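Overview (structure and organization)
So the chains spell out like this:
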Amino acid sequence: MRTIRPFEIVILAFALGAGIFLFVRAWMLSDAVPLEYRSASPGFNWGWEFDYEGSMQADKFGETAWPWPAQKTGNRIVLPQNQPLVTEGLKLTYQGMVESDRFRLDVVIQNLDADVTYPQEFDTTEAGKVIIIDEQQFVLEKITPRYLLLIAQPDADR
C-alpha cells in the first residue's frame, strides 16, 4: 500500500482552494452576465435595415451635430446624413441609404420654390461619376451610410 506524503496533500489542498476561490469569484460576478438571452451589438449584426445614423443624431448626444456638421470647403461638399447644406441656391440633404445599392438626396431649389423638396435617388455604382442637379454638375466622390462627399464642378458658362 502506498503512503501519501505531506507534499502531495499540500498540492491537492492548493488545487482545491484555487478551484473554490475561482468558483466563488465567478458566482459573485455572475450578476454581470444576465441569464436572459441578449442579442449582440448592432455593430456585429449591422445591416442596411438598422437605423444606425438615426441613433447617432445630435439630439441623442447634445447640442452639436455628430460627427461633424455639413460643410463646403472649396469645391468639396461633405453631407452627413440628415444635415442640410445650402450652397449655390440649392439646399442639399443626404437622407442615407434607401436600399443596399441606392441612396437618397433631397434637393430644395431655393430660387424656384423653397417649400418643395425634390427627392433624388442614385445608385452607388454612380460613385465617381457626374450627376446634374438643377443644371449644376457634381461628382459623387464617396458614398457611405454616414455621409456623402460631392465635388462641385465649375461651370464654364457662368
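Here the structure is shown first, and the text comes after it.
Our subject in this report is the structure included herewith. The structure displayed is predicted, hence computed values, not measured ones.

As for the overall build of the protein chain
For the protein chain, the helix and strand inventory stands at three helices and nine strands. Along the protein chain, helices (α) and strands (β) appear in the sequence α-α-α-β-β-β-β-β-β-β-β-β when read from the amino end. Expressed as a percentage of contacts within the protein chain between residues at least 6 apart in sequence, the contacts between residues at least 24 apart total 30%. Within the structure as shown, the protein chain displays about 11500 Å² of accessible surface, and the carbon and sulfur contribution to it stands at 58%.

A word on the pairing of strand E7 (residues 130–133)
On a regular strand, each side chain points to the face opposite its neighbour's, so the side chains alternate between the two faces of the sheet. Across the two faces of E7 the burial differs, with Ile131 and Ile133 buried and Val130 and Ile132 not buried at all. Examined bridge by bridge, E7 and strand E8 (residues 136–143) share four bridges and lie antiparallel to one another. Its bridge partner being in E8, Ile131 is matched across the sheet by Phe138. A loop of two residues connects E7 with E8, the two strands running antiparallel in sequence, and Asp134 in this loop sits at a positive phi of about 50 degrees.

A few points about the packing of aromatic side chains
Summed over all chains, the structure comprises two aromatic pairs. Centre to centre, the rings of Phe103 and Phe122 are 5.6 Å apart; their planes meet at 35 degrees, and the pair counts as tilted. Pair noted here: Phe103 is in strand E5 (residues 102–109) and Phe122 is in strand E6 (residues 118–123), with a separation of 19 residues, a long-range link. A residue is classified by how much of its surface remains accessible, and Phe122, at 9% relative accessible area, is buried. Following the ring pairs from residue to residue traces out a cluster consisting of Tyr94, Phe103 and Phe122.

As for a nonpolar patch on the surface
Together, Leu16, Ile20, Phe23, Val24, Trp27 and Met28 line one region of the surface with nonpolar side chains, adding up to about 720 Å² of accessible area. Among the secondary structure elements, Trp27 is positioned in helix H1 (residues 6–28).

What to know about the sheet that holds E8
With antiparallel pairing, five strands are arranged side by side in an open sheet as E1-E2-E9-E8-E7. In this open sheet, the two edge strands, each paired with only one partner strand, are strand E1 (71–73) and E7. This sheet shows a mean twist of 30 degrees between the axes of neighbouring strands, independent of strand direction. Where E1 and strand E2 (residues 76–80) come together, three bridges link them in antiparallel fashion.

Conventions adopted
- Per-chain numbering applies: the sequence of each chain, read as written, is numbered from 1 onward.
- Whole-chain, interface and lining totals are the exception, using all residues; otherwise, since this is a predicted model, local features are given only for residues with pLDDT of at least 70 and side-chain atom pairs are given and counted only at 80 or more.
- As a convention, hydrogens and water are excluded, and side-chain values are obtained from all of the structure's heavy atoms.
- Strands here mean DSSP runs of E at least two residues long; helices mean DSSP runs of H or I at least four residues long; both are numbered from the N terminus.
- Pairs of residues are marked as contacts when any of their non-hydrogen atoms sit within 4.5 Å.
- Here the accessible surface of atoms and residues is derived via Shrake-Rupley with a 1.4 Å probe, and residues count as covered only by protein chains that are part of the display.
- Note on classification: 1.4 Å probe, protein chains only; a residue is buried when its accessible area is under 20% of the maximum for its type, exposed when over 50%, partly exposed between these limits.
- A pair of strands is labelled paired if DSSP reports no fewer than 2 bridges between them.
- Centres within 6.5 Å are what make two rings of Phe, Tyr or Trp a pair, Trp counting through its six-membered ring; a difference in plane orientation under 30 degrees is then read as stacked, over 60 as edge-to-face, and the rest as tilted.
- Any residue with relative accessible area above 30% and no salt bridge may belong to a patch, with like charges joined within 9 Å and the nonpolar Val, Leu, Ile, Met, Phe, Trp and Tyr side chains within 5 Å.
- Salt bridges are defined as contacts in which a side-chain nitrogen from Lys or Arg sits within 4 Å of a carboxyl oxygen from Asp or Glu.
- Angles shown run from 0 to 180 degrees and are taken between the N-to-C directions of axes, each axis being a line fitted to C-alpha atoms and, for helices, limited to the stretch in contact.

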